[in-house]
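Spelled out, the chains give:
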Amino acid sequence: VVFLDFICVCPFCLQGFVLGGAFGVFTAGIDTNVGFDPKDPLRTPTAREVLKDMGQRGMSYAKNFAIVGAMFSCTECIIESHRGKSDWKNAVYSGCVTGGAIGFRAGLKAGVLGCGGFAAFSAAIEYYLR
């Protein structure tokens, strides 16, 4: 039985939440359609409507990034506990599992591509950090 401790999972989840929120607010800030009503495209949105849409997008991105961070850190902790080693391969295997799980919702091919893409990204990050 593998015990996932708070210190193993929480930092990635929290970092994902903060990074996702910042990314969501940034993308909402450069989106020209934020705050516009599709029923009345000629009406200029108020600052309150724009800020509300930016906050909603920021929160949505924050939740999604936190979930991906939690998935990655949980699988990395499980793999590290199972292998008994702390090396770069744990992140690559974890990236493959996480990317595959996310991509598999769209089909087998997307799952395989998600596995490869996320694993390659994890390997690049591990190479850079170590």
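Keep in mind the model is a prediction, meaning the values are calculated, not measured. (Residues numbered from 1 in each chain as written. Predicted model: local features only at pLDDT ≥ 70, side-chain atom pairs only at ≥ 80, totals over all residues. Heavy atoms only, no water.)

### Some details on the packing of helix α3 (residues 88-104) against helix α4 (residues 108-129)
- Viewed as axis vectors pointing N to C, α3 and α4 meet at an angle of 150°, and their least axial separation amounts to 6 Å. It follows from the interaxial angle that α3 and α4 lie roughly antiparallel. Crossing of α3 against α4: the hand is right-handed. On α4, the residues that touch W88, A91, V92, G95, C96, T98, G99, G100, G103 and F104 of α3 are L108, A110, G111, G114, C115, F118, A119, S122, A123 and E126.
- Residues that form the contact of α3 with α4 fall into these classes: eleven nonpolar, eight polar and one charged. (Axes fitted to C-alpha atoms, helices over the stretch in contact; angles between N-to-C directions. Helix = DSSP H or I, 4+ residues; strand = E, 2+ residues; numbered from the N terminus. Parallel < 35°, antiparallel > 145°, perpendicular 65-115°, else oblique. Left-handed = near helix turned anticlockwise from the far one by under 90°. Contact = heavy atoms within 4.5 Å. Nonpolar A, V, L, I, M, F, W, Y, C, P; charged D, E, K, R; others polar.)

### What to know about the packing of helix α2 (residues 47-83) against α3
- Orientation of α2 relative to α3, taken along the N-to-C sense of each, is 135°, at an axis distance of 8 Å. Considered as vectors, α2 and α3 are oriented oblique to each other. Judged by the sense of rotation from one axis to the other, the crossing of α2 with α3 is right-handed. Each of V68, M71, F72, T75, E76, I79, E80 and R83 in α2 lies in contact with α3, whose residues at this interface are K89, N90, A91, Y93, S94, G95, V97, T98, A101 and I102.
- Among the residues forming the contact of α2 with α3, the class breakdown is nine nonpolar, five polar and four charged.

### Looking at the domain arrangement of the chain
- Entries for the chain in the domain assignment read domain 1 (1-86) and domain 2 (87-129).
- Taking only C-alpha atoms, the centre of domain 1 and the centre of domain 2 are 19 Å apart.
- Summing both sides of the interface, domain 1 and domain 2 together bury roughly 970 Å²; the carbon and sulfur share of this comes to 64%.
- Linking domain 1 with domain 2 are one salt bridge, by the criterion used here.
- Among the ionic pairs, D87 bridges to R83, the shortest N-O distance being 2.7 Å.
- At the surface where domain 1 touches domain 2, the tally comes to six residue pairs in polar contact (both at pLDDT 80 or more).
- Partitioned by chemical class, the residues of the side of domain 1 that touches domain 2 number four nonpolar, two polar and four charged. (Domains from an automatic or database assignment. Buried area = accessible area lost by both parts, 1.4 Å probe. Salt bridge = Lys/Arg side-chain N within 4 Å of Asp/Glu carboxyl O. Polar contact = N/O pair within 3.5 Å; in protein donor to acceptor, adjacent residues only side chain to side chain.)

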